[in-house]
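Listed here are the chains, written in short residue letters.
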Amino acid sequence: MEKMLEIRWHGRGGQGTVTAAKVFADACLSGGNYVQAFPEYGPERSGAPLRAYNRVSSKELRMHCPVLKPGIVVIADATLLDGVNVTDGAVDNAAFIVNSSKDPKEIREKLKAKPTQKVFTVDATKIAIECFGRPMPNSPLVGSLSKISSVVSLQQALDDVQKSFGKKFSQKIIDGNLEAVRRGYEEVKEG
Amino acid sequence: MGKVVAVTGNEAVAEALRQVNPDVCAAYPITPQTDMMQRFGSFVNNGKVKTEIILTESEHSSMSACVGASAAGGRVITATSSQGLALMFEILFIASGTRLPIIMPVVNRALSAPLNIHGDHSDAMGARDAGWIQLWSENTQEAYDNTIQAFRIAEHPDIRLPAMVCLDGFIISHSIERIEYLDDNEVSNFVGEYKPVNPMLDIEHPVSYGPLILPDYYMEFRKAHDAVMSKVSKVVLDVAKDFEKISGRKYGLFETYRLEDADIGIVILNSAAGTTKDVIDEFREKGIKAGLLKPRLYRPFPYKEIGEALKHLKAVCVLDRADAFGASHGPLYIDIASSLYPYEKRPILINKIYGLGGRDYMPGHAELVLNELVEIAKTGKINVVKEYIGVRE
């Protein structure tokens, strides 16, 4: 990586957004990068809008503050598009990854993204339900983000999900999440 | 060569404590305690350490239990944060006055009221004159490294004082960063076996701890404590040299960043120093000679060395993440001003209070301060000496 990549996640409490940021940071680490993953701290309330951040760089990361100018914005819950300014501060060539069943062109209009910015959608909730039976969009989104950021390979993301989930969950849940990461990687589409 | 991991500050410090494998840990297990002690508790429960853990009903009790265990002859740890440190206040002086080398990571968080447990230095600043050693840490790596070094410093036969290792609440304690762990055997060899001095459990040599000292001798104890404090700097540097041999990472009494040829400078503690360094690089690219000084050993404060390092500057801003109420200046400012007072030619000094109760410190704040310093260096005029920044009017 030549330059620092800054990512902002928008999600709701309980969706696994913070975990997704952690898993992604861990996957980037295996590529030899410096990484950060941290949520915006506040009262942790299920369903409340929250933000989390990643920084990834080949150089030491000294900055210890929220990301203001994200290069990638991941929106784990499309209902946030109505209430939260998710494009705030996004750089001119930023990419947005939105968890939605809608066509990326429709989401692009809703976001009022600049022509230089890219908009992607992935139906992460559907993938999650099909893969492991719960509406937790984090694993598919890690897959989509791995593809769009090109910082980590699909295999690195898979290895890391295996590692982070391996301690806590049954093989069935792990396999479901691995499949979800793979599908998130493959099914993300640009509009 | 140890392992590279992405972990939170709390995980990293808990890992350092596991590697040291202390005899006793007495901790209060509920907020404002952080998950650092929860993680260490898992090591105890899973048999990863031989530590006996005592979960107390308050921080006052946890520090009291630490005093007892340390006087008994054990290597003792605890951890706390915010109100917890405030509640320990009475016993902090007993630990230091009794010369017990207890190690205590402090996750720096705000004090009530109003109730707030976000990043802020008010807790540790309130305890800065309690006779403890204080090491402050910019990031997760430094918090881990300082924790390991703290044992060698505190337990050094010339010192025998308790030590706090400070790290920023949430910003470091709960955020994930890449760090390098040392191998278990490297850490245990580095800290060595604990050698108690006059342990109470040595029944062949009975000793008394905590006796009444009347005016005829109390002051001599205080003078001795002061004299010990003056030896800490040398030990900190010696330990840092040894630590560099196993880690490759250099530590001093403080860190300077692009300061040697600087005209203007910022003095700042902990995580905000990192953010400031990035902004200093931007100013340097514009041809502005800016630099930074970040204290590491905050107690005892290396007045002489810091004064020497700052005296050539034209203008300096000290940023405090705590206020010392009294319509005066922040605690770090007061120390920096003292360190510069002996010099006839010294920089113009200003003070900003920032980041209280978890308020974000952004690059824009550092830019604002550096721009003001550029003006001051040019004109010699100060607008206002002390000011809150990043705050609503």
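Attention in this report is confined to the structure presented alongside it.

How each quantity is defined
Residues numbered from 1 in each chain as written. Chains lettered and ligands numbered in written order. Predicted model: local features only at pLDDT ≥ 70, side-chain atom pairs only at ≥ 80, totals over all residues. Heavy atoms only, no water. Buried < 20%, exposed > 50% of the residue type's maximum accessible area, 1.4 Å probe, protein only. Helix = DSSP H or I, 4+ residues; strand = E, 2+ residues; numbered from the N terminus. Pairing = 2+ DSSP bridges. Salt bridge = Lys/Arg side-chain N within 4 Å of Asp/Glu carboxyl O. Contact = heavy atoms within 4.5 Å. Axes fitted to C-alpha atoms, helices over the stretch in contact; angles between N-to-C directions. Parallel < 35°, antiparallel > 145°, perpendicular 65-115°, else oblique. Nonpolar A, V, L, I, M, F, W, Y, C, P; charged D, E, K, R; others polar. Phe/Tyr/Trp six-rings, centres within 6.5 Å; stacked < 30°, edge-to-face > 60°. Lys NZ or Arg CZ within 6 Å of the ring centre and 35° of its normal. 1 Å grid on protein atoms, 1.4 Å probe; cavity = no way out; pocket = protein on both sides within 12 Å on 5 of 7 lines; lining within 4 Å. Points joined across faces, edges and corners; volume = space filled by probe spheres on them.

### Points about the pairing of strand 5 (residues 95–99) of chain A
Residues and elements named next belong to chain A.
Right, so step 1: Within strand 5, five of the five residues are buried, which leaves it mostly tucked inside the rest of the structure.
Right, so step 2: The alternating pattern of strand 5 places A95, I97 and N99 and F96 and V98 on opposite faces, both of which are buried.
Right, so step 3: When strand 4 (residues 72–75) meets strand 5, the two strands line up parallel, connected through four bridges. Within strand 5, the position partnered with I75 by the bridge is V98.

### So, the pattern of salt bridges
Right, so step 1: On inspection of all chains with the given rule, the structure shows 40 salt bridges over all chains.
Right, so step 2: The partner of A:E130 in a salt bridge is A:R183, and the shortest N-O contact between them spans 2.8 Å. Of this pair, A:E130 sits in helix 4 (residues 124–132) while A:R183 sits in helix 7 (residues 171–187), and the two are 53 residues apart along the sequence.
Right, so step 3: Residue classification places A:E130 among the partly exposed positions, given a relative accessible area of 47%.
Right, so step 4: Note that B:K245 is salt-bridged to B:D242, the shortest N-O span being 3.3 Å.

### Structural notes on helix 2 (residues 35–45) of chain B
Residues and elements named next belong to chain B.
Right, so step 1: Taken together, the buried positions of helix 2 are D35, M36, M37, F40, G41, F43 and V44.
Right, so step 2: Buried-residue contacts for helix 2 involve helix 1 (9–20), strand 2 (24–27), strand 3 (52–55), strand 4 (76–77), strand 6 (103–108) and strand 8 (163–168).
Right, so step 3: In the stretch just after helix 2, G47 is the one whose phi turns positive, near 70°.

### Here we look at the packing of helix 10 (residues 303–310) of chain B against helix 11 (residues 331–340) of chain B
Residue and element names in this part refer to chain B.
Right, so step 1: Taken N-terminus to C-terminus, the directions of helix 10 and helix 11 make an angle of 80°; their axes are 8 Å apart at the nearest point. Considered as vectors, helix 10 and helix 11 are oriented roughly perpendicular to each other. Of the residues in helix 11, those in contact with Y303, I306, G307 and L310 of helix 10 are D335, I336, S338, S339 and L340.
Right, so step 2: Considered class by class, the residues forming the contact of helix 10 with helix 11 number five nonpolar, three polar and one charged.

### Side note on the packing of aromatic side chains
Right, so step 1: What the rule picks out here adds up to 10 aromatic pairs over all chains.
Right, so step 2: Between A:F165 and A:F169 the ring centres are 5.5 Å apart and the planes differ by 45°, which places this aromatic pair in the tilted class.
Right, so step 3: Seen in terms of ring centroids, B:F89 and B:F93 are 5.1 Å apart; in terms of plane orientation they differ by 70°. Their pairing is edge-to-face. One end of the pair, B:F89, and the other, B:F93, are both in helix 4 (residues 82–97), four residues apart, so they sit about a helical turn from each other.
Right, so step 4: Residue classification places B:F89 among the partly exposed residues on the basis of a relative accessible area of 38%.
Right, so step 5: Between B:R18 and the ring centre of B:F43, over which it is positioned, the NZ or CZ distance is 5.8 Å.
Right, so step 6: Stacked on the ring of B:F190, the Lys or Arg B:R152 has its end atom at 4.5 Å from the ring centre.

### A few points about the environment of A:V161
Residue and element names in this part refer to chain A.
Right, so step 1: Structurally, the position occupied by V161 is in helix 6 (residues 154–166).
Right, so step 2: In this structure V161 comes out as buried when scored by relative accessible area, which is 1%.
Right, so step 3: Separated by 20 residues in the primary sequence, V161 and V181 have C-alpha atoms spaced 8.3 Å apart.
Right, so step 4: For V161, the residues in contact, after removing those within four places along its chain, are V23, G166, N177, L178 and V181.

### Thoughts on empty space enclosed by the protein
All names here are of chain A.
Right, so step 1: Across all of its chains, the model carries one cavity of 30 Å³ or more by this definition.
Right, so step 2: Its volume calculated, the largest cavity comes out at about 30 Å³.
Right, so step 3: Lining the largest cavity are T19, A20, V23, N138, S139, V142, V161 and F165.
Right, so step 4: Residues belonging to the lining of the largest cavity are distributed by class as follows: five nonpolar, three polar and no charged.

### So, the sheet that holds strand 15 (residues 348–353) of chain B
Residue and element names in this part refer to chain B.
Right, so step 1: Strand order across the open sheet formed by six strands is 10-12-11-14-15-16, with mixed pairing between neighbours. With partners counted over all chains shown, the strands left at the sheet margins are strand 10 (254–257) and strand 16 (386–388), one partner each. Going across the sheet, the axis of each strand differs from the next one's by a mean of 20°, ignoring polarity.
Right, so step 2: In terms of strand pairing, strand 11 (residues 264–267) meets strand 12 (residues 290–295) through four bridges, oriented parallel.

### Structural notes on unusual backbone geometry
Right, so step 1: Along the chain, B:T31 connects to B:P32 via a cis peptide bond; the corresponding omega equals 10°.
Right, so step 2: Inspection of the secondary structure puts B:P32 in the loop between strand 2 and helix 2.
Right, so step 3: Omega for the peptide link from B:R299 to B:P300 comes to -5°, which places this bond in the cis form.
Right, so step 4: Examined against the element boundaries, B:P300 turns out to sit in the loop between strand 13 (297–299) and helix 10.
Right, so step 5: Even without a glycine there, the phi angle at A:S150 is positive, about 55°.
Right, so step 6: You can see A:S150 is positioned in the loop between helix 5 (138–149) and helix 6.
Right, so step 7: The exposure class assigned to A:S150 is exposed, which follows from its relative accessible area of 60%.

All we've got here are geometric facts, nothing functional implied.
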